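Letter by letter, the chains look like this.
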Amino acid sequence: AQSVAQPEDQVNVAEGNPLTVKCTYSVSGNPYLFWYVQYPNRGLQFLLKYITGDNLVKGSYGFEAEFNKSQTSFHLKKPSALVSDSALYFCAVRDKEVNTGFQKLVFGTGTRLLVSP
Amino acid sequence: DTEVTQTPKHLVMGMTNKKSLKCEQHMGHRAMYWYKQKAKKPPELMFVYSYEKLSINESVPSRFSPECPNSSLLNLHLHALQPEDSALYLCASSPYRTSGVTDTQYFGPGTRLTVL
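Residues numbered from 1 in each chain as written. Chains lettered and ligands numbered in written order. Predicted model: local features only at pLDDT ≥ 70, side-chain atom pairs only at ≥ 80, totals over all residues. Heavy atoms only, no water.

Asker: Is there a simple way to explain the nonpolar core in this structure?
Answerer: Proteins that are soluble and globular tend to have nonpolar side chains buried together. Formed by 27 residues in total, the largest nonpolar core has its most connected members in A:Trp35, A:Leu47, A:Leu48, A:Phe74, A:Leu76 and A:Tyr89. Those elements that place two or more of their residues in this core are strand S2 (10–14), strand S3 (19–21), strand S5 (33–38), strand S6 (44–50), strand S8 (64–68), strand S9 (73–78), strand S10 (87–96) and strand S12 (111–116) of chain A. If you tally residues by element for this core, the top one is S10(A), at 4 residues. Here A:Leu76 is in contact with A:Leu19, A:Thr20, A:Val21, A:Trp35, A:Leu47, A:Leu48, A:Phe63, A:Glu64, A:Ala65 and A:Tyr89, once residues within four sequence places are set aside. In terms of nonpolar packing, the next biggest core, distinct from the first, is built from 23 residues, B:Trp34, B:Leu81, B:Ala87 and B:Val115 among them. (Core = buried A, V, L, I, M, F, W, Y, C linked by side-chain atoms within 4.5 Å. Buried < 20%, exposed > 50% of the residue type's maximum accessible area, 1.4 Å probe, protein only. Helix = DSSP H or I, 4+ residues; strand = E, 2+ residues; numbered from the N terminus. Contact = heavy atoms within 4.5 Å.)

Now the structure itself:
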């Protein structure tokens, strides 16, 4: 089965500094990877995804993610953090049901990002 | 319109009540999903409908009963729930292209359910 791991429960960064939220993956075949953000008491918002092509994927709100096949990583990055970026971030990987072939998302455990003023 | 809407936003119910959660999207998506999310945990997939047919049931207890009356609507009927069922219930939709291109799921804001 496909899986992703987010090794950090929380990341703290000062406003204006670059941020990185880490994600590593374990898949058979080609990885299809996603990042979502969740603000308090809200649903998940799609940030970006990697399917194929350029290893640097640009997404919403100035976020980008770097796909690294040799390190099996898909870290989320932003050059300059904002206090409003404080939220819960989920990495996810596409998995396919064996019997039906239907696609579903498998989420990591989440990383809380706290950006201080 | 790129929005998934869910009603109600909050729901408090007793263990003997029957209630329903509603989800709606008008993006022409043909796959719709129900997730359960506990605090500070990732969403857990419950059900998936594709073309209004149940495609995945992740061994969810029968006290949760999904329904997809048409391509825009998804309901989750609740009956005889337990306090441990208290959670944020999220609905999502995706285009469900069968060409092999991976779908992006778009989530609603969720319904916060409390079972007393």
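Asker: Explain the pairing of strand S7 (residues 64–70) of chain B to me, please; I cannot follow it from the model alone.
Answerer: For a regular strand, the rule is simple: side chains alternate between the two faces of the sheet. Residues and elements named next belong to chain B. When S7 meets strand S8 (residues 73–79), the two strands line up antiparallel, connected through 5 bridges. Paired with asparagine 70 across the bridge in S8 is leucine 73. In this antiparallel pair of consecutive strands, S7 and S8, the connection spans 2 residues. (Pairing = 2+ DSSP bridges.)

Asker: When you look at the interface of chain B and chain A in this model, what are you seeing that I'm missing?
Answerer: In many analyses, interface size is given as the accessible surface area lost on bringing the parts together. With 27 residues of chain B at the interface, the matching set in chain A holds 23 residues. Of the roughly 1900 Å² buried at the junction of chain B and chain A (both faces included), carbon and sulfur atoms supply 59%. Between B:Glu58 and A:Lys104 there is a salt bridge; the shortest N-O distance is 2.6 Å. Across the chain B-chain A interface, the total number found is 5 residue pairs in polar contact (both at pLDDT 80 or more). Within the residue set of the side of chain B that touches chain A, elements represented by two or more residues are strand S4 (31–37), strand S5 (44–50), strand S6 (53–57) and strand S9 (87–94) of chain B. Looking at the side of chain B that touches chain A, the element that brings in the most residues is S4(B), giving 4 residues. The residue inventory of the side of chain B that touches chain A, partitioned by class, reads 14 nonpolar, 8 polar and 5 charged. (Buried area = accessible area lost by both parts, 1.4 Å probe. Salt bridge = Lys/Arg side-chain N within 4 Å of Asp/Glu carboxyl O. Polar contact = N/O pair within 3.5 Å; in protein donor to acceptor, adjacent residues only side chain to side chain. Nonpolar A, V, L, I, M, F, W, Y, C, P; charged D, E, K, R; others polar.)

Asker: Please explain empty space enclosed by the protein as it appears in this structure.
Answerer: Rolled over the atoms, a probe as big as a water molecule pinpoints where empty space is left. Residue and element names in this part refer to chain B. Throughout the structure, instances matching the rule amount to 1 cavity of 30 Å³ or more. If you add up the space inside the largest cavity, you get close to 40 Å³. Lining the largest cavity, in full, are Gln25, His29, Arg30, Ala31, Met32, Tyr49, Ser50, Tyr51, Glu52, Cys68 and Ser71. Elements with a minimum of two residues in the lining of the largest cavity: S4 and S5. For the lining of the largest cavity, a count of residues per class yields 5 nonpolar, 4 polar and 2 charged. (1 Å grid on protein atoms, 1.4 Å probe; cavity = no way out; pocket = protein on both sides within 12 Å on 5 of 7 lines; lining within 4 Å. Points joined across faces, edges and corners; volume = space filled by probe spheres on them.)

Asker: When you look at the packing of aromatic side chains in this model, what are you seeing that I'm missing?
Answerer: The geometry of an aromatic ring pair is captured by two quantities: the separation of the ring centres and the angle between the planes. Evaluated as defined, the whole model comprises 15 aromatic pairs over all chains. Centroid distance A:Tyr50 to A:Phe67: 4.0 Å. Interplanar angle 10°. Geometry classified as stacked. Of this pair, A:Tyr50 sits in strand S6 while A:Phe67 is found in strand S8, placing the two residues 17 residues apart along the sequence. Between A:Phe107 and B:Tyr35, the aromatic rings sit 6.0 Å apart at their centres with planes inclined by 80°, giving edge-to-face as the arrangement. Taken together, the residues A:Phe107 in strand S11 (residues 103–107) and B:Tyr35 in strand S4 connect one chain to another. Look at A:Phe107 and you get buried, because its relative accessible area is 10%. Linked through ring pairs, A:Phe34, A:Tyr36, A:Phe46, A:Phe90, A:Phe107, B:Tyr33, B:Tyr35, B:Tyr106 and B:Phe107 together constitute an aromatic cluster. (Phe/Tyr/Trp six-rings, centres within 6.5 Å; stacked < 30°, edge-to-face > 60°.)

Asker: Hey, could you run me through the pattern of salt bridges in this one?
Answerer: Pairing is possible between side chains of opposite charge, provided their charged atoms come close. One pass over the structure, following the stated rule, counts 6 salt bridges over all chains. The partner of A:Lys58 in a salt bridge is A:Glu64, and the shortest N-O contact between them spans 3.0 Å. Given a relative accessible area of 63%, A:Lys58 falls into the exposed group. Looking at A:Glu64, the relative accessible area reads 18%, which means it is buried. Across the pair B:Arg30 and B:Glu52 runs a salt bridge, and its minimum N-O distance is 2.9 Å. Taken as a pair, B:Arg30 in the loop between strand S3 (18–25) and S4 and B:Glu52 in the loop between S5 and S6 lie far apart in primary sequence, 22 residues in all. Under the relative-accessibility criterion, B:Arg30 is labelled partly exposed at 27%.

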